[in-house]
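Report on the structure
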Amino acid sequence: MEFRYLGRSGLKISEIAYGNWITHGSQVEEDAARACVAAALDEGITTFDTADVYAGTRAEEVLGRALKGVRRESLEIFTKVYWPTGPGPNDRGLSRKHIMESINGSLRRLGTDYVDLYQAHRFDYETPLEETMRAFEDVVRQGKALYIGVSEWRAEEIEAALKIAEARGFDRIISSQPQYSMLHRVIEAEVVPLCEREGIGQIVWSPIAQGVLTGKYLPGQPPPAGSRATDAQGGADFVKAWMGDDVLTRVQNLKPIAEEAGLTMAQLAVAWVLQNPNVSAAIVGASRPEQVRDNVKAAGVELDPALLARIDATLGDVITRDPANTQSPATRP
Ligand SMILES: NC(=O)c1ccc[n+]([C@@H]2O[C@H](COP(=O)([O-])OP(=O)(O)OC[C@H]3O[C@@H](n4cnc5c(N)ncnc54)[C@H](OP(=O)(O)O)[C@@H]3O)[C@@H](O)[C@H]2O)c1
């Protein structure tokens, strides 16, 4: 495993991180979840990403149990707050009340005294940004989180938060967690240039486009049994965006490129996001341990510019680049 600094902070994280959205507490049984975490640890992954909302809060519990007994100092545990965790109007968003309550719930479920990184899962247009930043600052001062970050915030939103931190002497945001893959490059135009200037690292999600970039979904064919596209508990809905025949056909055409590079398609996809120097880690998901073992081999891989150009030409206009796609809900969910 290779390690990178998270932005301009002193925190080192494994450049391949393991995330448990869709899987833990939902798509996969606890045994499979534990086997994936065990494989991740065995392969040198030290960075684990979850969120209060995943699987209706069960995902944090599963991860907490799977990591029990592992030396806490050898792990970086990341979680998030924003999406609903209960029925009430204050069980969501980035108000001071919800942040203070949600961090306590996350720590309890994860079985830890602190998380290494606490992330705003989206931007909350209903809460003054100053209230959110002060609550995050207090979470840090209370020792419940060591660093703070955001997810899917637009460049101007990150910039506004940095200004408040500067004016008030709060800890700065050190990370941004956007969707980023060969197919989805919306951060490149605005978020990455700002973050490079400001020392904020990207921890990118769905680097394999939820499994699509493995090439296992064939155009015009039913998805393989047990894959996310067959997961009726929610996975199928999320991966649907990438399941059109135009995307699947282009992805099939990446196969010879991966073969020539001596990589599996999944490894090529993970290696691709890691070529961006502003990326601190790729968060991979897995429904079985063999996938983790496959994906981690992307660590340390360098792709040459000619190969990157062939990927661009092969995917052509199915690549999404419009920065307007970085969006948070206009009102609280
Ligand atoms: N901040 C946010 O808003 C946000 C949103 C989404 C995700 N995330 C984070 O990012 C993490 C990763 O997201 P993701 O799970 O969508 O990432 P991903 O790595 O793009 O997709 C993972 C899925 O692809 C399939 N897969 C992975 N490796 C494979 C391989 N080698 N061969 C065949 N299939 C393979 C598996 O699904 P099947 O086996 O079921 O097909 C696996 O669960 C999440 O767990 C979460 O921590 C954050």
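The structure under discussion appears in the preceding block.
Residues numbered from 1 in each chain as written. Predicted model: local features only at pLDDT ≥ 70, side-chain atom pairs only at ≥ 80, totals over all residues. Heavy atoms only, no water.

Thoughts on the pairing of strand S6 (residues 115-120)
Put simply, the rule reads: Exposure is judged per residue with a 1.4 Å probe applied to protein chains only, and the accessible area is read against the type maximum: over 50% gives exposed, under 20% gives buried, and values in between give partly exposed. Labels follow the DSSP assignment, with helices taken as runs of H or I lasting at least four residues and strands as runs of E lasting at least two, numbered in each case from the N terminus. When DSSP finds at least two bridges between two strands, those strands are taken to pair. When the strands point away from the viewer and the path from the first strand over the helix to the second turns clockwise, the crossover is right-handed.
Most of S6 sits inside the fold, with 6 of its 6 residues counted as buried. Alignment of strand S5 (residues 76-81) against S6, held across 4 bridges, turns out to be parallel. Along S6, the bridge assignment pairs Lys-80 with Gln-119. The parallel pair S5 and S6 is bridged by helix H3 (residues 96-110), and the resulting crossover is right-handed. Bridge count for S6 against strand S7 (residues 145-150) is 5 bridges, and the pairing is parallel. When the sheet's bridge partners are listed, Gln-119 is paired in S7 with Gly-149. Since S6 and S7 lie parallel, the crossover through helix H4 (residues 129-141) that links them has a hand, and here it is right-handed.

So, helix H2 (residues 58-67)
Stated precisely, the cut-off is as follows: The contact rule is simple, with two residues in contact once any of their heavy atoms fall within 4.5 Å.
Along H2, 7 of the 10 residues are buried, which leaves the element largely enclosed by surrounding structure. Of the residues making up H2, those classed as buried are Ala-59, Glu-60, Val-62, Leu-63, Gly-64, Ala-66 and Leu-67. Packed against the buried residues of H2 are helix H1 (30-42), strand S4 (47-49), S5 and H3. Once H2 finishes, Gly-69 follows within two positions and takes phi at roughly 90 degrees, a positive value.

Here we look at the side chain of Thr-326
Along the chain, Thr-326 falls in the segment after helix H12 (305-315). Once residues lying within four places of it in the same chain are set aside, the contact partners of Thr-326 are Glu-152, Trp-153, Arg-154 and Val-186.

A few points about the site of the ligand
Short version of the rule: Note on definitions. A residue lies near a molecule or strand when any single heavy atom of the residue is within 4 Å of it. By the criterion applied in these results, polar contacts are pairs of N or O atoms within 3.5 Å in which, for protein atoms, one can donate a hydrogen and the other can accept it, and in which residues neighboring in sequence qualify only through two side-chain atoms. Surface accessibility in these figures is a Shrake-Rupley result with a 1.4 Å probe; residues are shielded only by whichever protein chains are displayed. Gly counts as polar in this scheme, as do all residues outside two lists: the nonpolar Ala, Val, Leu, Ile, Met, Phe, Trp, Tyr, Cys and Pro, and the charged Asp, Glu, Lys and Arg.
Every one of the 34 residues lining the ligand counts as a neighbour, but Asp-49, Ser-206, Lys-216, Arg-228 and Ser-287 are closest to it. The separation between an oxygen atom of the ligand and a polar main-chain atom of Gln-210 is 2.9 Å. Gly-285 places a main-chain nitrogen or oxygen 3.1 Å from an oxygen atom of the ligand. Isolated, the ligand exposes 910 Å² of accessible area, and the fraction of that covered by the protein chains is 96%. Broken down by secondary-structure element, the contributors of at least two residues to the shell around the ligand are strand S10 (279-284) and helix H11 (289-295). Broken down by class, the residue content of the shell around the ligand amounts to 11 nonpolar, 16 polar and 7 charged.

Side note on the pattern of salt bridges
Operational definition: Note on definitions: salt bridges are taken to be side-chain nitrogens of Lys or Arg within 4 Å of carboxyl oxygens of Asp or Glu.
With the rule as written, the count across this model stands at 22 salt bridges. Notably, a salt bridge pairs Lys-80 with Asp-49, separated by 2.7 Å at the nearest N-O pair. Taken together, the residues span a long stretch of sequence, with Lys-80 in strand S5 and Asp-49 in strand S4 at a distance of 31 residues. Asp-49 shares its class with Lys-80; the two are buried. Close ionic contact of Glu-60 with Arg-109 constitutes a salt bridge, the shortest N to O distance being 2.8 Å.

What to know about the side chain of Ser-328
As for its placement among the helices and strands, Ser-328 is situated in the segment after H12. Within the local environment of Ser-328, its side chain forms a polar contact with the backbone nitrogen of Phe-123, the two atoms lying 2.9 Å apart. If sequence neighbours within four positions are ignored, Ser-328 has contacts with Arg-122, Phe-123, Tyr-125 and Glu-152.

Here we look at the sheet that holds S10
Where we set the bar: Under this scheme, a helix contributes an axis fitted over its contacting stretch, all axes are lines through C-alpha atoms, and angles between N-to-C directions fall in the 0 to 180 degree range.
If you trace the 8 strands once around the closed barrel, you get S3-S4-S5-S6-S7-S8-S9-S10, paired in parallel fashion. Looking at each pair of strands side by side, their axes are set apart by 30 degrees on average, direction ignored.

Quick notes on the nonpolar core
The criterion, for reference: Residue types Ala, Val, Leu, Ile, Met, Phe, Trp, Tyr and Cys, when buried and joined through side-chain atoms within 4.5 Å, form a set referred to as a nonpolar core.
Counting 91 residues, the largest nonpolar core has Trp-153, Leu-183 and Val-212 as the members making the most contacts within it. Element by element, the count of residues in this core is highest for helix H10 (residues 265-274), at 9 residues. Residues within four places of Leu-183 in sequence aside, it is in contact with Ala-209, Val-212, Leu-213, Trp-242, Val-247, Val-251, Leu-315, Val-318, Ile-319 and Thr-320. With 10 residues, the next largest nonpolar core counts Leu-11, Phe-78, Leu-117 and Ala-281 among its residues.

What to know about unusual backbone geometry
Even without being a glycine, Ile-22 presents a positive backbone phi close to 75 degrees. Counting through the fold element by element, Ile-22 comes out in the loop between strand S3 (16-19) and H1. The phi dihedral of Gln-210 is positive, around 65 degrees, even though this residue is not glycine. Within the secondary structure, Gln-210 sits in the loop between strand S9 (201-205) and helix H7 (235-239). Classification of Gln-210 by relative accessible area gives buried; the value is 11%.

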